[in-house]
Amino acid sequence: VGTVEPRKRYLFLLDVLDVLWERYGERAPMLVIVGQAGWRCERELERLAQARARGRALWVDDADDETLLALYTQALLLVIPSLDEGFCLPAAEGMAAGLPVVAARRGALPEVLGQAGLLLDTDSPSVWADAIVRLVEDAEMRRQLAERGRQRAQQFSWAETARQTLAFYEEVLAR
């Protein structure tokens, strides 16, 4: 979930999808990408079009909140291989919806996910494919991550963000 652009590593994710299809054929999971085309994404869109033509991927380029929630609740897991993320709202949304998250150990993702997600610190499509298959096949692990994710997501709210922002400003102004 997110704008299709290089830092989100959709090309890497499509490489992972290729590994899954090489290993599992028709049993490989479907990749669903939700997000509009961004900057410098010509290669990503070309590869995505190829995966779509083969029936391996779906691209939803304009999802409203209701559609996004439906996709989160129907998905088996959320994969975030981004090179760099700020807060990563899709991770929090996915966890709130009870979706296990597999993510890169980069940017703010480790802080956002805590112990509620599966963090990977490798650029090997094969290792990512193994992690995805592990979650696909292990219902108990998915259940545990989903529960931890729901609990973790409860720590994030707009009211809490506003409270912390106000506290920060008050601290700065008191200096």
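Definitions and cut-offs
- Residues numbered from 1 in each chain as written.
- Predicted model: local features only at pLDDT ≥ 70, side-chain atom pairs only at ≥ 80, totals over all residues.
- Heavy atoms only, no water.
- Patch = residues over 30% accessible without salt bridge, like charges linked within 9 Å, V, L, I, M, F, W, Y side chains within 5 Å.
- Areas by Shrake-Rupley, 256 points an atom, 1.4 Å probe, with all protein chains shown as cover.
- Salt bridge = Lys/Arg side-chain N within 4 Å of Asp/Glu carboxyl O.
- Lys, Arg positive; Asp, Glu negative; His and termini not counted.
- Charge placed at Lys NZ, Arg CZ, Asp CG, Glu CD.
- Helix = DSSP H or I, 4+ residues; strand = E, 2+ residues; numbered from the N terminus.
- Buried < 20%, exposed > 50% of the residue type's maximum accessible area, 1.4 Å probe, protein only.
- Phe/Tyr/Trp six-rings, centres within 6.5 Å; stacked < 30°, edge-to-face > 60°.
- Core = buried A, V, L, I, M, F, W, Y, C linked by side-chain atoms within 4.5 Å.
- Contact = heavy atoms within 4.5 Å.
- Polar contact = N/O pair within 3.5 Å; in protein donor to acceptor, adjacent residues only side chain to side chain.

Draft legend 1. The arrangement of a negative patch on the surface in detail. On the surface, Asp61, Asp62, Asp64, Asp65 and Glu66 cluster together into a patch of negative charge. Note on placement: Glu66 falls in helix 3 (residues 65-74). Note on Glu66: relative accessible area 67%, which makes it exposed.

Draft legend 2. Molecular detail of the packing of aromatic side chains. Applying the stated criterion across every chain yields a total of 3 aromatic pairs. Note on Phe12 and Trp128: the rings are 5.5 Å apart at their centroids and 85 degrees apart in plane angle, and the pair reads as edge-to-face. Of this pair, Phe12 sits in helix 1 (residues 10-24) while Trp128 is found in helix 6 (residues 125-137), placing the two residues 116 residues apart along the sequence. Seen from their ring centres, Phe87 and Phe156 are 5.0 Å apart, and the 80 degrees between their planes marks the pair as edge-to-face. On the criterion of sequence distance, the pair formed by Phe87 in the loop between strand 3 (78-80) and helix 4 (89-96) and Phe156 in the loop between helix 7 (139-153) and helix 8 (158-174) is long-range, its members being 69 residues apart. What makes Phe87 partly exposed here is its relative accessible area of 39%.

Draft legend 3. Examining the nonpolar core more closely. Counting 31 residues, the largest nonpolar core has Leu118 and Trp128 as its most contacted members. For this core, the secondary structure elements donating two or more residues are helix 1, strand 1 (31-34), helix 2 (42-53), strand 4 (101-104), strand 5 (118-120), helix 6 and helix 7. Sort the elements by how many residues they give to this core and helix 1 lands first, with 9 residues. Sequence-distant contacts of Leu118, defined by excluding residues within four places in its chain, comprise Val101, Val102, Ala103, Ala131, Leu135, Met141 and Leu145. Core analysis: the second largest hydrophobic core is formed by 19 residues, Val34, Leu68, Val101 and Ala103 among them.

Draft legend 4. Representation of a nonpolar patch on the surface within the structure. The grouping of Phe168, Tyr169, Val172 and Leu173 at the surface amounts to a nonpolar patch, some 460 Å² of accessible area in total. Secondary-structure assignment places Val172 in helix 8.

Draft legend 5. Geometry of the side chain of Glu85. Relative to the assigned elements, Glu85 resides in the loop between strand 3 and helix 4. Of the residues examined, Glu85 reaches a relative accessible area of 8% and is grouped as buried. A distance of 2.8 Å separates a polar atom in the side chain of Glu85 from a polar atom in the side chain of Lys8. A polar atom in the side chain of Glu85 sits 2.7 Å from the side chain of Ser82.

Draft legend 6. Local environment of the pattern of salt bridges. Scanning the model with the defined rule gives 13 salt bridges in all. Note that Asp18 and Arg47 form a salt bridge whose closest N and O atoms lie 3.0 Å from each other. Linking Asp18 in helix 1 with Arg47 in helix 2, this pair joins segments that are 29 residues apart in sequence. For the salt bridge of Asp123 with Arg106, the shortest nitrogen-to-oxygen distance reads 3.1 Å. Taken together, the residues span a long stretch of sequence, with Asp123 in the loop between strand 5 and helix 6 and Arg106 in the loop between strand 4 and helix 5 (109-113) at a distance of 17 residues. Each member of the salt-bridge network shares a partner with another, and the members are Glu5, Arg7, Lys8 and Glu85.

Everything listed here is a matter of geometry and, on its own, says nothing about what the molecule does.
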